[in-house]
Amino acid sequence: MSQTLERIIEEVKNLSEAERNQLVVILHGANGSAPAASDECELEGRLAAEGWLSLPSTPPAGTPPLPLAAPLTVPGRPLSEILVEERR
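Residues numbered from 1 in each chain as written. Predicted model: local features only at pLDDT ≥ 70, side-chain atom pairs only at ≥ 80, totals over all residues. Heavy atoms only, no water.

Taken as a whole and judged by the stated rule, the model has three salt bridges. For the salt bridge of Arg7 with Glu11, the shortest nitrogen-to-oxygen distance reads 3.3 Å. Linking Arg7 with Glu11, this pair stays in helix α1 (residues 3–13), spanning four residues, or about one helical turn. On the basis of relative accessibility, which here comes to 47%, the residue Arg7 falls in the partly exposed class. On the basis of relative accessible area, Glu11 is assigned to the partly exposed category, the value being 45%. (Salt bridge = Lys/Arg side-chain N within 4 Å of Asp/Glu carboxyl O. Helix = DSSP H or I, 4+ residues; strand = E, 2+ residues; numbered from the N terminus. Buried < 20%, exposed > 50% of the residue type's maximum accessible area, 1.4 Å probe, protein only.)

The structure is reproduced here in structure tokens:
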């Protein structure tokens, strides 16, 4: 790897998250071989780069998944039975 590229990579590591998102948007537009992002993804990237939107961060490797919530119990008859009766 060239020294110029190594220096650029080190400088990119020092950018804020918003600046990195902006850089990604710029690089995707500059490189014709990059896959075209959908309009929605492109909009999200621009909004994140400008600080209007915060994109979810990926959890660190090895983080256990969140536990599933226990189902709620509701008194009375099941809703499916009520709907079937009303449709008759």
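Here the narrative resumes.
Glancing now at a nonpolar patch on the surface. A cluster of nonpolar side chains, Met1, Leu5, Ile8 and Ile9, forms an exposed patch at the surface whose accessible area comes to about 380 Å². Looking at the secondary structure, you find Leu5 in helix α1. (Patch = residues over 30% accessible without salt bridge, like charges linked within 9 Å, V, L, I, M, F, W, Y side chains within 5 Å. Areas by Shrake-Rupley, 256 points an atom, 1.4 Å probe, with all protein chains shown as cover.)

Within the span of helix α3 (residues 39–49), buried status applies to Gly45, Ala48 and Ala49. One side of α3 carries all its buried residues, which in axial view fall inside an arc of 100°. The outward face of α3, more than 90 degrees from its buried face, is lined by the exposed residues Asp39 and Glu40. Of the residues trailing α3, Gly51 is marked for its positive phi of about 90°. (Arc of directions from axis to C-beta.)

Okay, the environment of Ser54 next. Among the structural elements, Ser54 can be located in the loop between α3 and α4 (79–87). By relative accessible area, which is 66% here, Ser54 ends up exposed. For the pair formed by Ser54 and Ala18, sequence separation is 36 residues and the distance between their alpha carbons is 8.5 Å.

This prediction gives the protein a mean pLDDT of 81; 89% of its residues lie at or above 70. When mean pLDDT is compared element by element in the protein, α4 scores highest at 92, while helix α2 (residues 17–30) scores lowest at 78. (pLDDT = per-residue confidence, 0-100.)

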